[in-house]
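# A look at the structure
Each chain, written out:
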Amino acid sequence: EDQVTQSPEALRLQEGESSSLNCSYTVSGLRGLFWYRQDPGKGPEFLFTLYSAGEEKEKERLKATLTKKESFLHITAPKPEDSATYLCAVQAGSGGSYIPTFGRGTSLIVHP
Amino acid sequence: DAGVTQSPTHLIKTRGQQVTLRCSPKSGHDTVSWYQQALGQGPQFIFQYYEEEERQRGNFPDRFSGHQFPNYSSELNVNALLLGDSALYLCASSLTPGQISPLHFGNGTRLTVT
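Criteria and cut-off values
- Residues numbered from 1 in each chain as written.
- Chains lettered and ligands numbered in written order.
- Predicted model: local features only at pLDDT ≥ 70, side-chain atom pairs only at ≥ 80, totals over all residues.
- Heavy atoms only, no water.
- Contact = heavy atoms within 4.5 Å.
- Buried area = accessible area lost by both parts, 1.4 Å probe.
- Salt bridge = Lys/Arg side-chain N within 4 Å of Asp/Glu carboxyl O.
- Polar contact = N/O pair within 3.5 Å; in protein donor to acceptor, adjacent residues only side chain to side chain.
- Helix = DSSP H or I, 4+ residues; strand = E, 2+ residues; numbered from the N terminus.
- Nonpolar A, V, L, I, M, F, W, Y, C, P; charged D, E, K, R; others polar.
- Disulfide = S-S within 2.5 Å.
- Buried < 20%, exposed > 50% of the residue type's maximum accessible area, 1.4 Å probe, protein only.
- Pairing = 2+ DSSP bridges.
- Axes fitted to C-alpha atoms, helices over the stretch in contact; angles between N-to-C directions.
- Phe/Tyr/Trp six-rings, centres within 6.5 Å; stacked < 30°, edge-to-face > 60°.
- Core = buried A, V, L, I, M, F, W, Y, C linked by side-chain atoms within 4.5 Å.

Attention now moves to the interface of chain B and chain A. Contact with chain B, which involves 21 residues of that partner, is made by 22 residues of chain A. For the chain B and chain A pair, buried surface summed over both sides reaches about 1700 Å², with 60% attributable to carbon and sulfur atoms. Where chain B meets chain A, there are zero salt bridges. Where chain B packs against chain A, one counts four residue pairs in polar contact (both at pLDDT 80 or more). Contributing elements (two or more residues each) for the side of chain B that touches chain A: β4 (31–37), β5 (44–50) and β9 (87–94) of chain B. Looking at the side of chain B that touches chain A residue by residue, the classes come out as ten nonpolar, eleven polar and no charged.

Set out below in structure tokens:
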């Protein structure tokens, strides 16, 4: 069974204090790893797709990286508007099903 | 470009009742998936619809059923509601199953069962 574990569960940062969120996974045949941002009362919003170890993607203050066992979401000089829950999901397997498995998310609060 | 829309936004029901939630996918998407998200948890996969058929199903009882219409919109039905069914129900659309592509979510329906 595919497993996705995110850590920490919650993270409080001061504005400008850089940090990283972790997503570790145990799957058979990774096809793609996705990062989403979810604001309270809203649906998740897609951020990045990573397909293979060594790949990196960047968007504004966010940078996602991927190894064979985990992914990191690095947040550089965060601002209060970066406060949200960040979800990681993996698509894996064979046979064309590819239903994503989600982690529980990391709740990030950035204080001004 | 219209994204995924869901209705209603909030719903309060009593145990034992039945509920129907609706979803219109993002333009250009033909696949709809439904997820249940309890407070503090990640989304849990309920089922996926493509070409008006249920293609994949998660670990949810038969009380949960769905439908997809020719215009790709979808409904989620839950019968005999339990208190534990209280959650945010998310609809997500995507490209044809089998492709590695991100999900596009609506803002969900918050269901409260009393």
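Time to look at the state of the cysteines. Residues and elements named next belong to chain B. Inspection of the entire model under this criterion finds two disulfides over all chains. The disulfide partner of Cys 23 is Cys 91, and the S-S distance across this bridge is 1.8 Å. Its S-S torsion of approximately -60° makes the covalent link between Cys 23 and Cys 91 left-handed. Of the two residues, Cys 23 is situated in strand β3 (residues 19–24) and Cys 91 in strand β9; the sequence distance between them amounts to 68 residues. For the pair Cys 23 and Cys 91, a shared accessibility class is recorded, and that class is buried.

On to the sheet that holds strand β7 (residues 62–66) of chain A. All names here are of chain A. Strand order in the open sheet made by the five strands is β1-β3-β8-β7-β6, with antiparallel pairing throughout. Strand pairing shows two members of the sheet lacking a second neighbour, β1 (3–7) and β6 (56–59), which therefore form its edges. Each adjacent strand pair in this sheet contributes to an overall mean axis angle of 15°, direction not counted.

Our focus in this paragraph is the packing of aromatic side chains. The geometry of an aromatic ring pair comes down to the distance between the two centres and the angle between the two planes. Residue and element names in this part refer to chain B. Across all of its chains, the model carries eleven aromatic pairs over all chains by this definition. With centroids separated by 5.7 Å and ring planes inclined at 65°, the aromatic side chains of Tyr 35 and Phe 45 adopt a geometry described as edge-to-face. Within this pair, whereas Tyr 35 is found in strand β4, its partner Phe 45 is found in strand β5, the two being separated by ten residues in sequence. Given the relative accessible area of 0%, Tyr 35 is considered buried. Between the aromatic rings of Phe 47 and Tyr 49, the centroid separation amounts to 5.3 Å while the plane-to-plane angle is 85°, which identifies the pairing as edge-to-face.

Residues and elements named next belong to chain A. Among the nonpolar cores identified, the biggest contains 22 residues, and Leu 33, Trp 35, Leu 73 and Tyr 86 are the most heavily contacted of them. Elements supplying a minimum of two residues to this core: β2 (10–14), β3 (19–26), β4 (30–38), β5 (45–50), β7, β8 (70–75), β9 (84–92) and β11 (106–111). Ranked by residue count, the leading element in this core is β9, at four residues. Apart from residues lying up to four places away in sequence, Leu 73 is in contact with Ser 19, Ser 20, Leu 21, Trp 35, Phe 48, Leu 62, Lys 63, Ala 64 and Tyr 86.

It is worth spelling out the pattern of salt bridges at this point. When their charged atoms lie close together, side chains carrying opposite charge are able to pair. Scanning all chains against the criterion turns up eight salt bridges over all chains. A salt bridge links A:Lys57 to A:Glu55; the shortest N-O distance between them is 3.5 Å.

All names here are of chain B. As for its position among the elements, Gly 16 is in the loop between β2 (10–13) and β3. In sequence terms Gly 16 and Val 78 are 62 residues apart; their C-alpha atoms lie 9.9 Å from each other. Setting aside residues no more than four positions away along its own chain, Gly 16 makes contact with Ala 80 and Leu 81.

To continue, consider the pairing of strand β11 (residues 109–113) of chain B. All names here are of chain B. In β11, alternate side chains face the same way, and those of Thr 109, Leu 111 and Val 113 are buried while those of Arg 110 and Thr 112 on the opposite face are not. Two strands pair when backbone bridges link them, and β2 and β11 are joined in this way by four bridges, in the parallel orientation. Along β11, the bridge assignment pairs Lys 13 with Val 113. Direction of pairing for β9 relative to β11: antiparallel, over a ladder of three bridges. Counted as the bridge partner of Tyr 89 is Thr 109 from β11.

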